Amino acid sequence: MTHRISTALMVALLSVVSVCAQSQTGRTFTRADFISIDGGSLPDRIERAVSQFRASKQGDSCWIAWHFAAREGVQIGPFSGYVYRDEDGISLTRRDNPEGAAVFLLAETNRPQVNFTRVKTLNISEPYLFENRPVYWLGTADTAQSLTQLESLMRADAENKPYVRSILRAISSHDSPRVIPLLKEIALKDQTFDIQRAAISGLARVGTKESLDALDELFSSLKNIQLRQEVMRAYAATGNRVSERRVLDRLTAIAKSDDENSVRLEAIRLIAGFRGEAITDRLIEIYDRTSAEPVREEIINRLARNDSRKGTDKLMAIAKDDPNPNLRQKAVRRLTGSRTDFVPAIAQ
């Protein structure tokens, strides 16, 4: 009987020890719990963080993070760029404080060679919680060292597309003249479509005159139609922040003259995504300057959606007078589909 009680007590004690051990890895860490690693180069601090974590025996993985110099206006975290706007004309755009920009690496330490499996770019001004894994904080990293470290991680696991996309997002957030040439080189020379596309998106995130210049060069150099369309989307996304006129002029030139209709159609859609009476004028001008039927059909679709008097007048003119019966029919369908009062006017 005594032996049975002793065994039961031992099992209970082992269960308590097990629960305590689990609570070590099951706790939630906040910014205040970050473990600081000071001094030395960035690679040295990363190495010391890994060694210190292994010695702590707190698990098989931890976060290693550092602050980097971010570009002003960059969208860092998932809530950056959030816009509130209501019917009373009150608006608020939530922007990130670049002082909070940080790279987080997930370090897997269960093998002799540490393996980095995740890269996240976060704004630590936000009250993030980190479940189960401690965070080793390396302080502020020199921009050149931060970019070199990220590029090295990317090259070491280039086949891991989600991982590389996350790294490219982090790279594009850095305030450094190295960023645009690096992203342009990857977009132009990498052999993986998703990675090229991520580099192009990174250039859109940079959002400067120099990044527009790089996108121009890529559009002229790339042969893949999907990548050229991706460049145009990046170009349009940058327009609102840099030079809307420059972007619209470039898209208009593409819509008028590119050899590929699919590229021209994408240009039309992107132009129509901008607002204002001048956009209607551009669409009408392109319609009058091209004979490509797919392009003209897309312009008819876009004119029907922009709720402009000029656009409606153009659709009426096409419905009445265009020499192409298919385009006349398309314009009639677009007009009568939304405004039945146009039917008598068209028939006149």
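Small disclaimer: the values here were computed from a predicted structure and weren't measured.

Chemist: Sorry if this is basic, but what is going on with the packing of aromatic side chains here?
Modeler: Aromatic rings considered in pairs are described by the distance between their centres and by the relative angle of their planes. Counted by the stated rule, this structure contains six aromatic pairs. For the pair Phe 34 and Phe 130, a centre-to-centre distance of 5.6 Å together with 65 degrees between the ring planes defines the contact as edge-to-face. Separated by 96 residues along the polypeptide, Phe 34 in the loop between β1 (28-29) and β2 (35-36) and Phe 130 in strand β8 (residues 130-131) bring together distant segments of the chain. Of the two residues, Phe 34 and Phe 130, neither departs from the other in class, the shared state being buried. Between the aromatic rings of Phe 53 and Tyr 136, the centroid separation amounts to 6.0 Å while the plane-to-plane angle is 75 degrees, which identifies the pairing as edge-to-face.

Chemist: Mind showing me how you'd approach the pairing of strand β9 (residues 135-140) here?
Modeler: Walk down a regular strand and you will see the side chains alternate between the two sheet faces. Taken across its six residues, β9 has five buried, putting it largely inside the fold. The pairing of β2 with β9 spans two bridges and is parallel. Bridge assignment links Ser 36 to a residue of β9, and that residue is Trp 137. Here four bridges tie strand β3 (residues 61-67) to β9, and the two strands are oriented parallel to one another. Bridging across to β9, Trp 63 finds its partner in Val 135.

Chemist: Could you clarify how one ought to interpret the environment of Trp 63 in this entry?
Modeler: Topologically, Trp 63 is positioned in strand β3. Once residues within four sequence positions are removed from consideration, Trp 63 is found in contact with Phe 104, Leu 105, Leu 106, Arg 118, Lys 120, Phe 130, Arg 133, Pro 134, Val 135 and Tyr 136.

Chemist: Could you clarify how one ought to interpret the pattern of salt bridges in this entry?
Modeler: When their charged atoms lie close together, side chains carrying opposite charge are able to pair. Counted by the stated rule, this structure contains 25 salt bridges. We note a salt bridge from Asp 249 to Arg 282, for which the minimum N-O separation is 2.7 Å. Of this pair, Asp 249 sits in helix α9 (residues 244-257) while Arg 282 sits in helix α11 (residues 277-289), and the two are 33 residues apart along the sequence. Relative accessible area serves as the criterion here: at 34%, Asp 249 is assigned to the partly exposed category. Ionic pairing is found between Glu 298 and Arg 269, a salt bridge with its closest N-O pair at 3.8 Å. Here Arg 269 lies in helix α10 (residues 261-272) and Glu 298 lies in helix α12 (residues 293-305), a separation of 29 residues in the sequence.

Chemist: For this particular structure, what's the right way to read the packing of helix α7 (residues 209-221) against helix α8 (residues 225-239)?
Modeler: The description of two packed helices rests on the angle between their axes and on the distance between the axes. Two elements in contact, α7 and α8, have axes whose closest approach is 9 Å; the angle formed by their N-to-C orientations is 160 degrees. Between α7 and α8, the angle falls in the class roughly antiparallel. Handedness of the crossing formed by α7 with α8: left-handed. Each of Ser 211, Leu 212, Leu 215, Asp 216, Leu 218 and Phe 219 in α7 lies in contact with α8, whose residues at this interface are Arg 228, Val 231, Met 232, Ala 234, Tyr 235 and Thr 238. Looking at side-chain class alone, the contact of α7 with α8 contains eight nonpolar, two polar and two charged residues.

Chemist: Can you walk me through helix α5 (residues 179-189) in this structure?
Modeler: Helical geometry: 3.6 residues make up each α-helical turn, so side chains three or four residues apart lie on a common side. The complete set of buried residues in α5 reads Val 179, Ile 180, Leu 182, Leu 183, Ile 186 and Ala 187. Buried positions in α5, seen along its axis, are confined to an arc of 165 degrees and lie on one side of it. Next to the buried residues of α5 lie α3 (143-156), α4 (161-173), α6 (193-206) and α7.

Chemist: Explain the nonpolar core to me, please; I cannot follow it from the model alone.
Modeler: As a rule of thumb, nonpolar side chains are buried together in soluble globular proteins. One finds Ile 64, Trp 66, Leu 168, Ile 171, Ile 200 and Leu 215 to be the most contacted residues of the largest nonpolar core, which totals 87 residues. Excluding anything up to four places from it in sequence, Trp 66 contacts Leu 42, Ile 46, Ala 101, Ala 102, Val 103, Leu 105, Trp 137, Leu 138, Gly 139, Ala 141, Ser 146 and Gln 149. One finds Trp 63, Phe 130, Val 135 and Trp 137 within the second-largest nonpolar core, a separate group that totals 13 residues.

Chemist: What is the right way to read the side chain of Arg 302 from this model?
Modeler: Here Arg 302 shows up in helix α12. Of the polar contacts made by the side chain of Arg 302, one reaches the side chain of Glu 298; its length is 2.7 Å. Not counting chain neighbours up to four residues away, the residues in contact with Arg 302 comprise Ile 268, Arg 269, Ala 272 and Leu 283.

Chemist: Just to check I follow, could you spell out α4 for this structure?
Modeler: The end-to-end C-alpha distance of α4, which contains 13 residues, comes to 19 Å, matching closely the 18 Å that a straight helix rising 1.5 Å per residue would cover. As for α4, its buried residues are in contact with β6 (101-108), β7 (115-123), α3, α5 and α6.

Chemist: Can you help me understand the confidence of the model for the chain in this one?
Modeler: Detailed reading of the predicted coordinates is not advisable wherever pLDDT is low. The share of residues in the chain with pLDDT of 70 or more is 88%, and the mean pLDDT across the chain is 86. Between residues 1-24, whose pLDDT stays under 50, and residues either more than four places distant or in other chains, the model counts two contacts. This model gives residues 340-344 a pLDDT under 50, and the stretch forms five contacts once residues within four places in sequence are excluded.

Chemist: Could you clarify how one ought to interpret empty space enclosed by the protein in this entry?
Modeler: By rolling a water-sized probe across the atoms, one finds the places where empty space is left. Summed over all chains, the structure comprises one cavity of 30 Å³ or more. Around the largest cavity, the lining residues are Asp 216, Phe 219, Val 231, Met 232, Tyr 235, Arg 250, Leu 251 and Ile 254. Looking at the lining of the largest cavity, the elements that each hand over two or more residues are α7, α8 and α9. Class assignment of the residues belonging to the lining of the largest cavity gives a composition of six nonpolar, no polar and two charged.

Conventions and cut-offs
- Residues numbered from 1 in each chain as written.
- Predicted model: local features only at pLDDT ≥ 70, side-chain atom pairs only at ≥ 80, totals over all residues.
- Heavy atoms only, no water.
- Phe/Tyr/Trp six-rings, centres within 6.5 Å; stacked < 30°, edge-to-face > 60°.
- Helix = DSSP H or I, 4+ residues; strand = E, 2+ residues; numbered from the N terminus.
- Buried < 20%, exposed > 50% of the residue type's maximum accessible area, 1.4 Å probe, protein only.
- Pairing = 2+ DSSP bridges.
- Contact = heavy atoms within 4.5 Å.
- Salt bridge = Lys/Arg side-chain N within 4 Å of Asp/Glu carboxyl O.
- Axes fitted to C-alpha atoms, helices over the stretch in contact; angles between N-to-C directions.
- Parallel < 35°, antiparallel > 145°, perpendicular 65-115°, else oblique.
- Left-handed = near helix turned anticlockwise from the far one by under 90°.
- Nonpolar A, V, L, I, M, F, W, Y, C, P; charged D, E, K, R; others polar.
- Arc of directions from axis to C-beta.
- Core = buried A, V, L, I, M, F, W, Y, C linked by side-chain atoms within 4.5 Å.
- Polar contact = N/O pair within 3.5 Å; in protein donor to acceptor, adjacent residues only side chain to side chain.
- Expected span 1.5 Å × (residues − 1).
- pLDDT = per-residue confidence, 0-100.
- 1 Å grid on protein atoms, 1.4 Å probe; cavity = no way out; pocket = protein on both sides within 12 Å on 5 of 7 lines; lining within 4 Å.
- Points joined across faces, edges and corners; volume = space filled by probe spheres on them.

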